[in-house]
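Here are the chains, one letter per residue:
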Amino acid sequence: MAFTFFFRDQQVLEQVVDHVLPNIAGRSHPRVWDAGSAMGQEPYTLAMMFAAKMNHFAFNNLRIDATDVESTGQFARMIEAAVDPGDELSRIPDGILAQYFEAADQPGHYRVIDNIRRRIAFQQHDLLSLKEIGQG
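Note that this is a predicted model, so its numbers are computed, not measured. (Residues numbered from 1 in each chain as written. Predicted model: local features only at pLDDT ≥ 70, side-chain atom pairs only at ≥ 80, totals over all residues. Heavy atoms only, no water.)

Enquirer: So what exactly am I meant to see when it comes to the environment of L21 here?
Expert: Mapping L21 onto the fold places it in helix α1 (residues 10-24). For L21, a relative accessible area of 17% puts it in the buried group. In contact with L21, other than residues within four places in its own chain, are F50, K53 and M54. (Helix = DSSP H or I, 4+ residues; strand = E, 2+ residues; numbered from the N terminus. Buried < 20%, exposed > 50% of the residue type's maximum accessible area, 1.4 Å probe, protein only. Contact = heavy atoms within 4.5 Å.)

Put into structure tokens, the structure is as follows:
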């Protein structure tokens, strides 16, 4: 299983967001691709960072294509559920947990809020294949 956590490599991801924003400004349905998304923490982190820097309308039209070579569907189910144990969220910066997470049905677990979850579309994709994203 992949090793990842929310806000891993935060400074690098902030630079990515700052670089991408001017390039997607004014687009009606901007798309960002996060290759190798594993269990989903990175695309959700990106979505939270974009939400903090975009206006509400623009953010609601953003789509993040999260892909990974994993073919069992396990990561896709985990990404879609977006539920994590509270102890795995200890690295999240102050204020982020309250702003972008809500209590999940399972005690001691949190779910990424719906507005962030709706921005992520997961699909299985092998970077070494010749298929384009969205072509199954």
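Read on for the rest.
Enquirer: Quick question: what am I supposed to make of the packing of α1 against helix α2 (residues 41-53) here?
Expert: Axis angle and axis distance: for two packed helices, these are the angle between their axes and the distance between the axes, and together they describe the pair. One can describe the packing of α1 onto α2 by two numbers: an axis separation of 10 Å at closest approach and a directional angle of 55 degrees. One element, α1, and the other, α2, form an angle in the oblique class. Judged by the twist between their axes, the crossing of α1 over α2 is right-handed. Contacts from Q10, L13, E14, V17, D18, V20, L21 and I24 in α1 reach E42, T45, L46, M49, F50 and K53 in α2. Its residues placed into classes, the contact of α1 with α2 shows eight nonpolar, two polar and four charged. (Axes fitted to C-alpha atoms, helices over the stretch in contact; angles between N-to-C directions. Parallel < 35°, antiparallel > 145°, perpendicular 65-115°, else oblique. Left-handed = near helix turned anticlockwise from the far one by under 90°. Nonpolar A, V, L, I, M, F, W, Y, C, P; charged D, E, K, R; others polar.)

Enquirer: What is the right way to read the side chain of R119 from this model?
Expert: As for its placement among the helices and strands, R119 is situated in the loop between α6 (114-117) and β6 (120-124). Buried R119, no salt bridge; nearest opposite-charge side chain is D114, N-O distance 7.5 Å. In this structure, R119 is in contact with F59, N60, L62, R63 and I64, ignoring residues within four places of it in sequence. (Lys, Arg positive; Asp, Glu negative; His and termini not counted. Salt bridge = Lys/Arg side-chain N within 4 Å of Asp/Glu carboxyl O.)

Enquirer: Whenever I open this one, the packing of aromatic side chains confuses me. Can you help?
Expert: Aromatic ring pairs are reported here in terms of the distance separating the ring centres and the angle at which the planes meet. Here the structure, examined in full by the defined rule, presents one aromatic pair. Ring centres of F6 and F101 lie 5.3 Å apart, and the angle between their planes is 85 degrees; this geometry places the pair in the edge-to-face category. With F6 in the segment before α1 and F101 in strand β4 (residues 101-103), this pair connects stretches of sequence that are 95 residues apart. Assessed through its relative accessible area of 6%, F101 is described here as buried. (Phe/Tyr/Trp six-rings, centres within 6.5 Å; stacked < 30°, edge-to-face > 60°.)

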